[in-house]
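Chain and residue survey
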Amino acid sequence: MRERLPEAPPTTGDLPAEPLSHSLKQRHLTMLGLGGVIGAGLFVGSGVGIGIAGPAIICSYLLAGVLAMLVMRALGEMSAAMPASGSFSVYAERALGRWAGFSAGWLYWFLLVVVLAVEATGAAKIANGWVPAVDQWIWVLLFMVVFTVSNLAAVKNFGEFEFWFAALKVGAIVLFLILDTLAIFGVLPDTDPVGMANLTGHGGFFPEGFGGVVAGMLAVIFAFGGLEVVTIAAAESDDPARSVSRAVRSAVWRILFFYVGSMVVIVTLLPWDSLEPGQSPYVAVLDSIGIPAAGQIMNIVVFVALLSALNANLYGSSRMVFSLAERGEAPKGLLKVSGGGVPRRAVFASVAFGFVSVVLNLLWPDTIFLYMLNAVGAVLLFVWALIAVSQLKLRRRIERDMPERLTLPMWLFPYATWAALAGMAAVLVLMLFDDSARPQLLWSTGAALLVLLVAFVRERRGPKS
């Protein structure tokens, strides 16, 4: 007779008290959410989406943004009710069983430490351009050491560090939107009102039809990854439930405004087909309105954005692996916490794999590291799907056992959650039929299946050790 797997814990009572520090403030959490998302994917990578969809990239970002908002609202509901440093990994375990928590946690950790290499290498390339005498690998080493020290410091200092990093990025985007809006209406010197010519000309608003919108969405959806870090950090705030509610609300709306707003002003000011491949649309727009040294200004902004995202992702990966260790899904040796409440061994474990990823990226960017990057290409969607399914199951338990904690309810439950799952399924199907996205989906599916296999083997062996 086939052995039954253990069922998920039936209760949703209080999670064990976290041994971590509780010194992150509301403003730290909000900026941490923004810091993990606003990166080179927006400032540089958005040009790829514009080249694919034309002005309709606005619709692509709206669709991707709505999907991200639904997922974050579902995650925010659970985080406000049960704050935990493992966030969605903990909720997946409580909703679906050990295998789900193990899989969500390790897949997300793997995603973050691989992305660390991309961010560190990208920042090093920019720094090498400014100071060619210093080799790229030395810059990478410097960044990794600096941010390791940052993450080993008291979490309040880390939060302050990330707050100002993210604030610089947010300030740059706000200034960009203000200048471009003034240019659109011909208020800036030497500018004339542009009207709707660039939105309706050059093939129209939908130059590639609805297919262009879909292809554009595939190109930009993963830029919304990183918002999850704010719910991981909530467990280290002074008031976790209230802080995560406010942070999720503000971060999601601000990200959507920054992303969609940027695309609106870019495609309004410039003909979408005038952008050169690989060129930052932000630089092109600033050049067009006569901002001096636009290229160097954006290089500085992208540099800060990359380092901020690196810092936030190192934090998120260390807390995730610490939470896994708490639940017996990672080595217990990672549980040691400093007097200031910092899981130093978890930080070292994450940065160590980050160093390995960086070395692979520097030595074999088109072979080994490319395979690793493809292996995490669709992992974010798998994690988002587990978040949505977990919320579907835990919502009823929260309503039954602790309704007073339902302070950030999912919109139109359960229909909005099912809509989010349908949206993710649609994106995965589209990736399968897209030549450029298919390798990412296949490699990511392989990585997910491998982690699931390990999870089920561990679960069949019996209770956690």
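Provided above is the structure to which this section pertains.
Residues numbered from 1 in each chain as written. Predicted model: local features only at pLDDT ≥ 70, side-chain atom pairs only at ≥ 80, totals over all residues. Heavy atoms only, no water.

Regarding its fold elements, the protein presents 19 helices and zero strands. For the protein, the proportion of its 465 residues judged to be buried stands at 56%. Sequence separation of 24 or more characterises 81% of the internal contacts of the protein that already satisfy a separation of 6 or more. By element, 68% of the accessible surface of the protein is carried by carbon and sulfur atoms, the whole surface being about 18,700 Å². (Helix = DSSP H or I, 4+ residues; strand = E, 2+ residues; numbered from the N terminus. Buried < 20%, exposed > 50% of the residue type's maximum accessible area, 1.4 Å probe, protein only. Contact = heavy atoms within 4.5 Å. Areas by Shrake-Rupley, 256 points an atom, 1.4 Å probe, with all protein chains shown as cover.)

Before going further, it helps to examine the nonpolar core. Ranked by size, the top nonpolar core spans 164 residues in total, and within it Ile38, Tyr259 and Trp384 carry the most contacts. If we skip the residues at most four places from it in the chain, Ile38 touches Phe43, Lys169, Val170, Ile173, Ile255, Phe258, Tyr259 and Ala305. (Core = buried A, V, L, I, M, F, W, Y, C linked by side-chain atoms within 4.5 Å.)

A contiguous nonpolar surface patch, about 880 Å² in accessible area, is contributed by Trp137, Ile138, Leu141, Val145, Val149, Val359, Leu362, Leu363, Trp364 and Ile368. Elements represented by at least two residues in the nonpolar patch include exactly helix H7 (136–152) and helix H15 (344–363). The leading source of residues in the nonpolar patch is H7, at five residues. Topologically, Val149 is positioned in helix H7. (Patch = residues over 30% accessible without salt bridge, like charges linked within 9 Å, V, L, I, M, F, W, Y side chains within 5 Å. Salt bridge = Lys/Arg side-chain N within 4 Å of Asp/Glu carboxyl O.)

A few words on the side chain of Arg397. Its place among the elements puts Arg397 in helix H17 (residues 379–401). One buried charged residue, Arg397, remains without a salt bridge, the closest side chain of opposite sign being Asp401 at 6.8 Å. Among the polar contacts made by the side chain of Arg397, one reaches the main-chain carbonyl oxygen of Arg94 at a distance of 2.7 Å. (Lys, Arg positive; Asp, Glu negative; His and termini not counted. Polar contact = N/O pair within 3.5 Å; in protein donor to acceptor, adjacent residues only side chain to side chain.)

This next bit is on helix H13 (residues 281–288). Burial runs high along H13: six of the eight residues are buried. Of the residues making up H13, those classed as buried are Pro281, Tyr282, Val283, Ala284, Val285 and Leu286. Phi turns positive, to about 85 degrees, at Gly290, one or two residues after H13.

Another aspect to go through is the packing of aromatic side chains. Applying the stated rule across the entire model yields 19 aromatic pairs. On the basis of an interplanar angle of 80 degrees and a centroid distance of 5.4 Å, the ring pair of Trp106 and Trp109 is categorised as edge-to-face. Taken together, the residues Trp106 and Trp109, both in helix H6 (residues 98–130) and three residues apart, mark about one turn of the helix. Look at Phe161 and Phe165: their rings are 5.2 Å apart centre to centre, the planes differ by 75 degrees, and that puts the pair in the edge-to-face class. Remark: Phe165 and Phe161 occur in helix H8 (residues 155–184); sequence separation between them is four residues, near one turn of the helix. Looking at Phe165, the relative accessible area reads 15%, which means it is buried. Three or more aromatic residues link up through ring pairs in this structure, and these residues are Phe102, Trp106, Trp109, Phe110 and Phe353. In this arrangement the basic side chain of Arg27 is found over the ring face of Phe163, its NZ or CZ atom lying 4.7 Å from the centre. A cation over an aromatic ring shows up here: Arg395 above the ring of Phe413, its NZ or CZ 4.5 Å from the ring centre. (Phe/Tyr/Trp six-rings, centres within 6.5 Å; stacked < 30°, edge-to-face > 60°. Lys NZ or Arg CZ within 6 Å of the ring centre and 35° of its normal.)

What follows deals with the environment of Ser318. Inspection of the secondary structure puts Ser318 in helix H14 (residues 294–326). Put simply, Ser318 and Leu335 are 17 residues apart on the chain and 11 Å apart in space, counted from C-alpha to C-alpha. Those residues in contact with Ser318, other than ones at most four positions away along the chain, are Ala346, Val347 and Ser350. At a separation of 3.1 Å, a polar atom in the side chain of Ser318 contacts the side chain of Arg319.

We now examine unusual backbone geometry. Here Phe413 and Pro414 are connected by a cis peptide whose omega angle stands at 0 degrees. The residue Pro414 is located in the loop between H17 and helix H18 (415–432) in this model. Located in the positive-phi region is Ser87, a residue other than glycine, with phi close to 45 degrees. Positionally, Ser87 belongs in the loop between helix H4 (57–81) and helix H5 (88–96). One non-glycine residue, Leu412, adopts positive backbone phi at about 45 degrees. Within the secondary structure, Leu412 sits in the loop between H17 and H18.

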